[in-house]
Amino acid sequence: MSSSLYYFLEYTAIFILLGWAIYIVFRAGQIYNGVIFTMIVGAYFTAIVTTKWGWPFFLALIGSIGCGAIIAFIPALGLARTRSFTMAIATIGLIYILHTVIQNIEFLGGVRGVFGIPRVKSLVLISYITVFIIGYIIFRIDHSHIGRAMETSFIDPDLAVSLGLNRYWLSVFLQVFAGAVGAIAGSFNAVLIGTIMYQNFGFSLLLLLFCFLFVGGYTTMWGVVIFAPLLWAVSTFLPEAVTGMRDLFYGILLVIILIVKPEGVIDKEFLRNLRKFSGFVLNFLSLRK
Amino acid sequence: MKRRLRRLVTIFMFVLFSTGLLLVLTASSTKEEVKGSAVEIEEWVVPHLAPLSGPYAGFGLECMWACQYAIEEINASGGCAGKPMRMTEYDGAGDPHKSVAAMSRILDTKPLVMVGPHITPTITAVGPMLVESEVYSLAAGAGADSTSPFFPWVYTTLPWQTTLCGAGVKYWAEKNPDMKKVVPLRDVADEWYKNCVMKQTKVLESMGLEVTPVVTFDLKATVDFGPTALAALNNDPDGVFFVSVGDPVAKTIVELHRRGFKDHSKIFVHAGADYPGFFEIGKGYLDGIYMSGFYNPQNEGERWKAIQKAYAQDHDLPAGFGCYVGMDLPYLIKDAIESTGVTGDPKKLKEERVLIRDWLNNQKGYPFVMGNFDIIDGVAMYPIFIFRIENNQKKYLGVSSLGE
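Residues numbered from 1 in each chain as written. Chains lettered and ligands numbered in written order. Predicted model: local features only at pLDDT ≥ 70, side-chain atom pairs only at ≥ 80, totals over all residues. Heavy atoms only, no water.

Draft legend 1. Focus on the overall build of chain B. Scanning chain B for helices and strands turns up 13 helices and 16 strands. Sequence-distant contacts in chain B: of pairs separated by 6 or more residues, those separated by 24 or more amount to 69%. Of the accessible surface of chain B, which amounts to about 15800 Å², a share of 53% is contributed by carbon and sulfur atoms. (Helix = DSSP H or I, 4+ residues; strand = E, 2+ residues; numbered from the N terminus. Contact = heavy atoms within 4.5 Å. Areas by Shrake-Rupley, 256 points an atom, 1.4 Å probe, with all protein chains shown as cover.)

Here's what the structure looks like:
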């Protein structure tokens, strides 16, 4: 496998996980930037335990998930009561708080970062198995009573409460889940690159993820799956003269989509039409037989 | 109408998606071929990964320009081992993820040797890829503190901070014996700067000065440097010294001046700030400041004068740090290729990379633009040059060392 294809596939898996983590909380009507915060936690946990204590990767991954979930749970108890905008700002603040903490702790590598993280064989396979598992869980959540509760909360929070929905614990649950997924992405990122510095996880990554989510579509989980690899391919496979304009391209695309089709390219109507179309094709094929 | 527009957008996005998918599927079989790849190559292709956009673009663009200029010089005088050199440009944007993506494309071209990346956050992201792929890179601007974990596969022009940083402030403190208390300011992000300040603090304290806790700012996040200046002045210092790239330093100096700190002889600026942007932003507020430099722009050598003239013609600005760093890199590669006798034969790629690496990692008295210096374990052992700013220009005073 060529180097560029390997890194492209790995980054795509990481971006899909992060995009889903933001998506799952946004479906309940809150903008949760804490996925970057827990991504840092997962990355550093994996980096420290593998380099300093020689843990195997699978153990480090499980530990990262636990750490990410716990670290997400603590602020979630307060953030669950907030409105979307407040949560967005507060979770950005969490990212910078964590940056400052890491800068000042030598054990975590400080400003220098952590080097020499052992590589993992078959990382692409492990990453995509994880993507399938998380994707299945999210699919089941989306099509369960929790998914319907998320939908109601998104459309009208006050209506949701009046129908007896416990928005607080729903939000806590979703934040913890998103935190765990963010930590998984961080863990993969650490073993992919082999070194980590806290500066690698910041605002530019957040903007990239929001681009994938809002262009792809935030009302279903499939938007990120289709558009994360597509838009990231711009950075990887197009000629250098074009990749230099990628931020401009992302920005223009985002603005156009938000004006013309705010729910993104792949929305529920699109999926309904796709189901109808595939049903029509199957009928046609069965008639021909 | 709106429904039709939404459908059109959806169709367009899927055309885009299909194109992207096609690119992905063909990418793994697409390779940049080394021209004349059988046994003899027709040209030496050197990939250069630099921050051509983003907060470090000032340095990256200058470095790239200087490299291309040097390559034109080399090709005009017969090329490298009789063949022309060509540098291909890759933009890392100073961002680790983008740099890794660009680096993965570079590795697919199976380079003999490459240049960059030059910035600490990106060399730490890309360094493991260099070591794994056993590709030697001249990451000239990154600093030995950042490149040392990737030895022997990375070269740097910036020596260990322990051999340089303290020398500049020592000179400054000796010129200002009335200073008793100084405050350091630095960019929070760079490990090199943190170590630099630690060394400078040690040197100044050994000379009897009090050094207050560091005032930091974030190059990427800070917009208004008034609070930074205030934080420094709150320490009631006699002197202020900076370690960062140019724009924040110039902006902070302007803010210090506006708040009454006008004796510029009590300000020292470390070499990292030496970009054209520093002098542009700080114009009118910089005279009298002491500044250290990794190179001497008033160097009388013909090569340096020529590049200064050419850069000024192209950009209407004086040549800066990026030019000094970039100018030598193609010549280093040329000399390594000619001295080791490598052929560029793809079949011998692995062993020829090692030959290039071993030659570039250790040289005695290599003729750099600024003078003859040793390269020891991939680090060019430059001295530190001292200047004072007069009429918004650097005036060379001499060199300084700690005797270490």
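On we go from here.
Draft legend 2. Region of interest: the pairing of strand S12 (residues 363-368) of chain B. Residues and elements named next belong to chain B. As judged from the four bridges shared by S12 and strand S13 (residues 371-376), these two strands associate in the antiparallel manner. Directly across from Gln363, in S13, lies its bridge partner Ile375. If you look at the hairpin formed by S12 and S13, you'll find two residues sitting between the two strands. (Pairing = 2+ DSSP bridges.)

Draft legend 3. Region of interest: the pattern of salt bridges. All chains considered together, the criterion is met by 15 salt bridges over all chains. Between Glu43(B) and Arg86(B) there is a salt bridge, with the nearest N and O atoms lying 2.8 Å from each other. With Glu43(B) in the loop between helix H1 (2-27) and strand S1 (44-50) and Arg86(B) in strand S2 (residues 85-91), the pair connects residues that are 43 residues apart, well separated along the chain. Taking the shortest distance from any N to any O, the salt bridge between Asp374(B) and Lys364(B) comes out at 3.3 Å. In this pair, Asp374(B) is assigned in strand S13 and Lys364(B) in strand S12, connecting sequence segments 10 residues apart. On the basis of relative accessible area, Asp374(B) is assigned to the partly exposed category, the value being 24%. Several salt bridges share partner residues, and in doing so they unite Arg27(A), Glu151(A) and Lys268(A) into one network. (Salt bridge = Lys/Arg side-chain N within 4 Å of Asp/Glu carboxyl O. Buried < 20%, exposed > 50% of the residue type's maximum accessible area, 1.4 Å probe, protein only.)

Draft legend 4. Structural detail: the packing of aromatic side chains. Residues and elements named next belong to chain A. In this structure the tally under the stated criterion is 36 aromatic pairs over all chains. Put simply, the rings of Tyr11, Phe15, Phe212, Trp232, Phe249 and Tyr250 pair up and form one aromatic cluster. Here the basic side chain of Arg27 rests over the ring of Phe154, its NZ or CZ set 5.8 Å away from the ring centre. The residue whose ring lies beneath Arg81 is Tyr168, and the NZ or CZ to ring-centre distance is 4.1 Å. (Phe/Tyr/Trp six-rings, centres within 6.5 Å; stacked < 30°, edge-to-face > 60°. Lys NZ or Arg CZ within 6 Å of the ring centre and 35° of its normal.)

Draft legend 5. Expanded view of the sheet that holds strand S14 (residues 379-380) of chain B. Here three strands make up an open sheet; going across it, the order is S12-S13-S14 (chain B) and the pairing antiparallel. Edge positions in the sheet fall to S12 and S14 of chain B, since each has one partner strand and no second.

Draft legend 6. Structural detail: the nonpolar core. Phe15(A), Leu17(A), Trp20(A), Ile24(A), Ile36(A), Ile196(A) and Trp232(A) are the most contacted members of the largest nonpolar core, which totals 114 residues. At 17 residues, the largest contribution of residues to this core is made by helix H1 (residues 3-26) of chain A. Those residues in contact with Ile196(A), other than ones at most four positions away along the chain, are Ala43(A), Tyr44(A), Ala47(A), Gly113(A), Val114(A), Ile117(A), Ala190(A) and Phe201(A). Counting 72 residues, the second-largest nonpolar core is a separate cluster that includes Ile119(B), Tyr331(B), Leu360(B) and Met370(B). (Core = buried A, V, L, I, M, F, W, Y, C linked by side-chain atoms within 4.5 Å.)

Draft legend 7. Summary view of the side chain of Ser4(A). Relative to the helices and strands, Ser4(A) resides in helix H1. Looking at Ser4(A), the relative accessible area reads 4%, which means it is buried.

Draft legend 8. Seen up close, helix H6 (residues 145-155) of chain A. Residue and element names in this part refer to chain A. Of the positions making up H6, those classed as buried are Gly147, Ala149, Met150 and Ser153. Burial along H6 is one-sided: seen end-on, the buried residues are contained in an arc of 160°. Opposite the buried face of H6, by more than 90 degrees, sit the exposed residues His145, Arg148 and Ile155. Tucked into the core, H6 has its buried residues touching H1, helix H5 (123-142), helix H7 (157-162) and helix H8 (167-193). The N-terminus of H6 is capped by Ser144, whose side-chain oxygen sits 3.1 Å from the backbone nitrogen of Ile146. (Arc of directions from axis to C-beta. Polar contact = N/O pair within 3.5 Å; in protein donor to acceptor, adjacent residues only side chain to side chain.)

Draft legend 9. The arrangement of a nonpolar patch on the surface in detail. There is a patch of nonpolar side chains on the surface, built from Trp53(A), Trp55(A), Leu59(A), Ile97(A), Val101(A), Ile105(A) and Phe107(A) and spanning about 660 Å² of accessible area. Checked against the element boundaries, Val101(A) lands in helix H4 (residues 84-103). (Patch = residues over 30% accessible without salt bridge, like charges linked within 9 Å, V, L, I, M, F, W, Y side chains within 5 Å.)

Draft legend 10. View of the packing of helix H9 (residues 203-216) of chain A against helix H10 (residues 222-237) of chain A. All names here are of chain A. Following both chains from N to C, one finds H9 and H10 inclined at 125°, their axes separated by 8 Å at the closest point. Between H9 and H10, the interaxial angle falls into the category oblique. Taken as a pair, H9 and H10 cross one another with a handedness that is right-handed. Contact residues: H9 offers Leu208, Cys211, Phe212, Leu213, Val215 and Gly216, while H10 offers Gly223, Val224, Phe227, Ala228, Leu231 and Trp232. Of the residues contributing to the contact of H9 with H10, the split by class is 10 nonpolar, two polar and no charged. (Axes fitted to C-alpha atoms, helices over the stretch in contact; angles between N-to-C directions. Parallel < 35°, antiparallel > 145°, perpendicular 65-115°, else oblique. Left-handed = near helix turned anticlockwise from the far one by under 90°. Nonpolar A, V, L, I, M, F, W, Y, C, P; charged D, E, K, R; others polar.)

Draft legend 11. Representation of unusual backbone geometry within the structure. Following Gly116(B), the chain continues into Pro117(B) via a peptide bond in cis, with omega recorded as -10°. The peptide bond linking Phe151(B) to Pro152(B) adopts the cis configuration, its omega dihedral lying at 5°. Not every positive phi belongs to a glycine, and Ser122(A) is a case in point at roughly 55°. Secondary-structure assignment places Ser122(A) in the loop between H4 and H5.

Draft legend 12. Geometry of the side chain of Glu43(B). Exposure remark for Glu43(B): the relative accessible area of 15% places this residue in the buried category. Separated by 2.8 Å, the side chains of Glu43(B) and Arg86(B) make a polar contact.

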